[in-house]
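Notes for the structure review
These are the residues of each chain, in order.
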Amino acid sequence: MIQDIEPRKFDITFKDMKPKNTDYALLFCEEFVLMKQPDGQERAAEFLTFNELNALEEVREVKKRSTYLFSIDDNKYFSVNIPKEKEMDCRKKVIREGKVLAWISQNAFRALKEKWLGFAGITAVQINRWFLNHRYCGRCGKPLIYSKTERSLICENCHITEYPKISPAIIVGIVDGDKLLLTRYADRPYKRYALIAGFSEVGEALEDTVKREVMEEVGLKVKDITYYKSQPWSFSDSLLAGFFARLDGDNTVTLADGELAEGTWFSREQIPVNQEEIALTAEMIRYFADGNDVFK
Ligand SMILES: [Zn+2]
């Protein structure tokens, strides 16, 4: 899965620190990150160090704010933000440098050759998106400031603390004997088979979310809800909890209007192989197809 970057070690512990020249500098323009792109290959993109970033004439003179994000092994990663009014100008100028540098979008991190770089990139994007969306206090409108003691933003006027946005969500593999229910979304670019998934609502335990989403999306009842694994999924600011559950009663699928295009029961042998290794959904489908007892 995307977070499995062994033997490298990810450390998100909060630190209030200044960057060194050899640390990684992720310059953001909106949700795009400036990266090196050897030979113009997007899949081979690499992060710049502060040395390399500050060597760029277009960036050197602009006022920047660097914020420590996390470490992977001994390498420290910082987000670098410039004033909003300078962003587009900076983005255009840096592109003129040639093909060696590129502004990378979050979806490109799914496909980087070095999987751990993709994980670092998308994790940084999630934290930066939270900065972008919380520049001001939602109650009084004053600028929020960065806490020096934890990863949070504070309004000094209202004493409100904003924490990073992480939305809990569930994925559930519904099992009927030797069969698993696979679905396809109607209106999303992702066209492969998936499992039922959805965000938790206020007041719900994760198991309640499982039951509600299954009923809403395919009109089925489930029992024996069994936890499998979880996964941070920064593409949608979420934390996914994967479950398997047994069908309880009638197996007739009734699709909700609009959301799903298909919901089909597949036996283990019929299940199509999904090559996208970074996603919990794909791992769960494979785990079932491989003949494992998902309820033990
Ligand atoms: Zn306020």
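See the structure above.
What comes next concerns the included structure. Fair warning: this is a prediction, and the values are worked out from it, not measured in the lab.

Summing up its helical and strand segments, the protein has 6 helices and 16 strands in all. Each principal axis of the C-alpha distribution contributes one length, and for the protein these read about 65 × 50 × 35 Å. Partitioning the contacts of the protein with sequence separation of at least 6, the portion at a separation of at least 24 is 65%. If you sum the accessible surface of the protein, you get close to 15400 Å²; carbon and sulfur atoms cover 48% of it.

A word on the coordination of the zinc ion. For the zinc ion, the full set of protein donor atoms is Cys137 (SG), Cys140 (SG), Cys155 (SG) and Cys158 (SG), at a range of 2.3 to 2.4 Å. Spacing between the donor residues of the zinc ion along their common chain follows C-x2-C-x14-C-x2-C. Placement of the pair is Cys140 in the loop between helix H4 (115-133) and strand S8 (145-146) and Cys158 in the loop between strand S9 (153-155) and strand S10 (160-162), with a sequence separation of 18 residues.

On to the pairing of strand S6 (residues 75-81), then. Counted residue by residue, S6 has 5 buried out of 7 residues, so it is predominantly covered. Of the pairings in the sheet, the one linking strand S2 (residues 24-29) to S6 comprises 4 bridges and is parallel in character. Bridging from a neighbouring strand, Leu27 pairs with Val80 of S6. Two elements, strand S5 (residues 65-72) and S6, share 7 bridges in a ladder whose sense is antiparallel. Residue pairing in the sheet places Ser66 in a bridge with Val80 of S6. Linkage of S5 to S6, two consecutive antiparallel strands, is achieved through a turn of 2 residues, within which Asp73 is found at a positive phi near 55 degrees.

As a further point, take the nonpolar core. Soluble globular proteins tend to pack their nonpolar side chains together in the buried interior. Counting residues in each nonpolar core, the largest one holds 56 residues, and the members touching the most others are Phe47, Tyr77, Phe109, Leu180 and Phe244. Here this core gets 10 residues from one element, more than from any other, and that element is H4. Counting residues in each nonpolar core, the second largest holds 18 residues, with Val172, Val210, Val218 and Leu247 among its members.

Remark: the centre distance and the inter-plane angle together describe each pair of aromatic rings, the angle taken between the planes. This model, assessed by the stated rule, comprises 15 aromatic pairs. Summarising the aromatic geometry, the rings of Phe10 and Phe119 are spaced 4.9 Å apart at their centres and angled 75 degrees between planes, so their arrangement reads as edge-to-face. One end of the pair, Phe10, is in strand S1 (residues 10-11); the other, Phe119, is in helix H4, and 109 residues separate them in sequence. On the basis of relative accessibility, which here comes to 5%, the residue Phe119 falls in the buried class. Here the aromatic rings of Tyr228 and Tyr287 are separated by 5.0 Å at their centres, their planes lie at 45 degrees, and the arrangement is tilted. In this pair, Tyr228 sits in strand S14 (residues 222-233) while Tyr287 sits in helix H6 (residues 280-289), placing the two residues 59 residues apart along the sequence. In this structure Tyr228 comes out as buried when scored by relative accessible area, which is 16%. The class of Tyr287 is partly exposed, set by a relative accessible area of 24%.

The rules behind the values
- Residues numbered from 1 in each chain as written.
- Predicted model: local features only at pLDDT ≥ 70, side-chain atom pairs only at ≥ 80, totals over all residues.
- Heavy atoms only, no water.
- Helix = DSSP H or I, 4+ residues; strand = E, 2+ residues; numbered from the N terminus.
- Contact = heavy atoms within 4.5 Å.
- Areas by Shrake-Rupley, 256 points an atom, 1.4 Å probe, with all protein chains shown as cover.
- Donors = N, O, S within 2.8 Å, 3.2 Å for Na, K, Ca; no water.
- Buried < 20%, exposed > 50% of the residue type's maximum accessible area, 1.4 Å probe, protein only.
- Pairing = 2+ DSSP bridges.
- Core = buried A, V, L, I, M, F, W, Y, C linked by side-chain atoms within 4.5 Å.
- Phe/Tyr/Trp six-rings, centres within 6.5 Å; stacked < 30°, edge-to-face > 60°.

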